[in-house]
Amino acid sequence: MSVVFVPKRLRGSAAINQDTIQRLLEENAQLIRCITQYQQKGRAVESVQYQQILHRNIVYLATIADARPDIPTASLNSTYGEAPSTPPAAHQGAPH
């Protein structure tokens, strides 16, 4: 079951921490693999339920990100192995 499905009585009181976010990201990766497998087997209709859970997780993560503007995106990029958005300083002044 997705960690996003929290009982109504607990909504708003659950602590959002890095472990929760990491679990969601890992769950999303598993959902994507599952969806891909279903679609490759020609069973796209059966993948819809997983697509809905993935969508809910992504919206939840986006809501968290929007509510926490204090997190610098550069640190998130390095955490998840993405390339930085600006070139390194050594290459900025190089002639083309």
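Residues numbered from 1 in each chain as written. Predicted model: local features only at pLDDT ≥ 70, side-chain atom pairs only at ≥ 80, totals over all residues. Heavy atoms only, no water.

1. Points about the confidence of the model for the chain
Detail in the predicted coordinates should be disregarded across regions flagged by low pLDDT. With 58% of its residues at a pLDDT of at least 70, the chain reaches an overall mean of 75. At the low end of the mean pLDDT range in the chain sits helix α4 (residues 89-92), at 44; at the high end sits helix α1 (residues 18-40), at 95. Every residue in residues 83-96 scores below 50 in pLDDT, and together they form two contacts with partners more than four places removed in sequence or on other chains. (pLDDT = per-residue confidence, 0-100. Helix = DSSP H or I, 4+ residues; strand = E, 2+ residues; numbered from the N terminus. Contact = heavy atoms within 4.5 Å.)

2. Thoughts on the packing of aromatic side chains
All chains considered together, the criterion is met by one aromatic pair. Pairing Y38 with Y50 gives two aromatic rings, centres 5.7 Å apart and planes at 20°, and the pair type is stacked. Placement of the pair is Y38 in helix α1 and Y50 in helix α2 (residues 48-67), with a sequence separation of twelve residues. (Phe/Tyr/Trp six-rings, centres within 6.5 Å; stacked < 30°, edge-to-face > 60°.)

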